[in-house]
Amino acid sequence: MNCLFSVVIPFYKVSFQLLDECLASVASQTYCDFEVIIINDGDPGFPKNILDKRKNLDLKCIYQDNSGVSVARNKGIEAAKGKYIIFLDADDKLAHNTLEVLQKEIQDGFGEVYIGRYISNIETVDRAAPSKPVEVKKEDLISCIISHEDDFPGYAIGGPWGKAFKKEFLKNNQIRFIPGVKKCQDRLFMMECIEKAHNISFVNKVIYVYTIDNPTSVCVRYNDEIDRILYSVLMYTEKFIKS
């Protein structure tokens, strides 16, 4: 059955507690027309029993051999039945009314990409610095992604999380995460989305809670192939700019 949102959660070596909190944030949403897709990226320690706690969710779990987060997210895109796709990392959370906020934005607009505000897990929505809706050029957004500058405080421009993507837009433009790229794959994906989108809408409400103290996160683990990885990212970025 089709729905408005597909929440895609790639999983690999995340603690039971963090995954439980992640799914709890989805289960407590104030808008209910959605499905949840978990992609287990070859982690034999995946806590299957945690799914028994969430029988109230329209939830499916897909298993793949360890292939990386890009392949996992791509499988989520292919499996999604929702009109819009939301990427949620297994150690992060949605705000309690994320889907309701996005549903109202979608109802009132024609966006292909909706970019909402985020806070960290050590902040609260009440303490989050207010941000005004912004209207910017694509070039400014892409420049922000390439430079890693925080030109839009409160908005994670370079990451796929904290956003909603129209599935038809991703499908028609053949936009996917690049397999094999282990760093900055999010930024390459976002550059392509921004370049090809005709309508990007900023949502001036917090819709995502980002965990900054997870020691197992791919963002903080050392990788001894970092030189090769960054070189491949540089090549993809150069190719994108030239195109």
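Bear in mind that the values here come from a model prediction, so they are computed numbers and not experimental data. (Residues numbered from 1 in each chain as written. Predicted model: local features only at pLDDT ≥ 70, side-chain atom pairs only at ≥ 80, totals over all residues. Heavy atoms only, no water.)

Peer 1: Run through the overall build of the chain, naming residues and quoting values.
Peer 2: When its secondary structure is counted, the chain shows seven helices and eight strands. The buried share of the chain, reckoned over its 243 residues, is 49%. Counting contacts in the chain only where the partners sit at least 6 residues apart, residues at least 24 apart contribute 79% of the total. Put simply, the chain shows about 12500 Å² of open surface, and 51% of that area lies on carbon and sulfur atoms. (Helix = DSSP H or I, 4+ residues; strand = E, 2+ residues; numbered from the N terminus. Buried < 20%, exposed > 50% of the residue type's maximum accessible area, 1.4 Å probe, protein only. Contact = heavy atoms within 4.5 Å. Areas by Shrake-Rupley, 256 points an atom, 1.4 Å probe, with all protein chains shown as cover.)

Peer 1: Break down the packing of aromatic side chains for me, citing the residues and quoting the values.
Peer 2: Across all of its chains, the model carries 13 aromatic pairs by this definition. With a centroid separation of 4.9 Å and 85° between ring planes, the pair formed by Phe11 and Phe46 is classed as edge-to-face. Linking Phe11 in strand β1 (residues 3-11) with Phe46 in the loop between β2 (34-41) and β3 (59-64), this pair joins segments that are 35 residues apart in sequence. Summarising the burial analysis for this pair, Phe11 and Phe46 share the class buried. Here a set of aromatic residues connected by ring pairs shows up, and it is made of Phe87, Phe165, Phe177 and Phe189. If you follow Arg73 out to its NZ or CZ, it ends over the ring of Phe177, 5.1 Å from the centre. (Phe/Tyr/Trp six-rings, centres within 6.5 Å; stacked < 30°, edge-to-face > 60°. Lys NZ or Arg CZ within 6 Å of the ring centre and 35° of its normal.)

Peer 1: Before we move on, could you go through the environment of Asp151 and cite the residues and values that matter?
Peer 2: Examined against the element boundaries, Asp151 turns out to sit in the loop between α4 (138-147) and β7 (163-166). Overall, Asp151 belongs to the partly exposed group, its relative accessible area being 45%. Spatially, the C-alpha atoms of Asp151 and Leu141 are 8.6 Å apart, while their sequence positions differ by 10 residues.

Peer 1: Mind laying out the nonpolar core, listing which residues take part and the relevant values?
Peer 2: In terms of nonpolar packing, the biggest core is built from 34 residues, with Phe5, Ile9, Val26, Phe34, Val36, Leu88 and Leu102 touching the most fellow members. Secondary-structure elements contributing two or more residues to this core are β1, α1 (16-27), β2, β4 (82-87), α3 (98-108) and β8 (200-210). Those residues in contact with Leu88 that sit more than four places away from it in its chain are Val7, Val8, Ile9, Pro10, Cys22, Val26, Lys93, Leu94 and Tyr208. (Core = buried A, V, L, I, M, F, W, Y, C linked by side-chain atoms within 4.5 Å.)

Peer 1: For the sheet that holds β8, give the residues involved together with the corresponding values.
Peer 2: Strands sit in the order β3-β2-β1-β4-β7-β6-β8-β5 across an open sheet of eight strands; the sheet is mixed. The sheet is open, and its two borders are formed by β3 and β5 (93-94), each paired with just one other strand. By the bridge criterion, eight bridges tie strand β6 (residues 113-120) to β8 in an arrangement that is parallel. Across the sheet, residue Gly116 finds its bridge partner in β8, namely Val203. (Pairing = 2+ DSSP bridges.)

Peer 1: Help me get a handle on the pairing of β4, residues and values and all.
Peer 2: Most of β4 sits inside the fold, with five of its six residues counted as buried. Relative to β4, β1 runs parallel, the two sharing five bridges. Within β4, the residue paired with Val8 across the bridge is Phe87. Bridge count for β4 against β7 is two bridges, and the pairing is antiparallel. Bridge pairing in β7 links Ile85 to Phe165.

Peer 1: With reference to specific residues and values, describe the packing of α4 against helix α6 (residues 185-196).
Peer 2: Orientation of α4 relative to α6, taken along the N-to-C sense of each, is 175°, at an axis distance of 10 Å. If you check the angle between α4 and α6, you find them roughly antiparallel. Contacts between α4 and α6 involve Lys138, Leu141, Ile142, Cys144, Ile145 and Ile146 from the former and Arg187, Met190, Met191, Ile194, Glu195 and Lys196 from the latter. A per-class count over the contact of α4 with α6 returns eight nonpolar, no polar and four charged. (Axes fitted to C-alpha atoms, helices over the stretch in contact; angles between N-to-C directions. Parallel < 35°, antiparallel > 145°, perpendicular 65-115°, else oblique. Nonpolar A, V, L, I, M, F, W, Y, C, P; charged D, E, K, R; others polar.)

Peer 1: Please give an account of a negative patch on the surface that cites residues and values.
Peer 2: On the surface, Glu139, Asp140, Glu149, Asp150, Asp151 and Glu195 cluster together into a negatively charged patch. Inspection of the secondary structure puts Glu195 in helix α6. (Patch = residues over 30% accessible without salt bridge, like charges linked within 9 Å, V, L, I, M, F, W, Y side chains within 5 Å. Salt bridge = Lys/Arg side-chain N within 4 Å of Asp/Glu carboxyl O. Lys, Arg positive; Asp, Glu negative; His and termini not counted. Charge placed at Lys NZ, Arg CZ, Asp CG, Glu CD.)

Peer 1: Can you explain the pattern of salt bridges? Please cite residues and give values.
Peer 2: Applying the stated criterion across every chain yields a total of eight salt bridges. Where Arg176 meets Glu78, a salt bridge forms, and the shortest distance between an N and an O atom there is 2.6 Å. One end of the pair, Arg176, is in the loop between α5 (167-172) and α6; the other, Glu78, is in helix α2 (residues 69-79), and 98 residues separate them in sequence. Take Glu78: its relative accessible area is 54%, and that puts it in the exposed class. Salt bridges sharing common partners tie together Asp20, Lys53 and Arg54.

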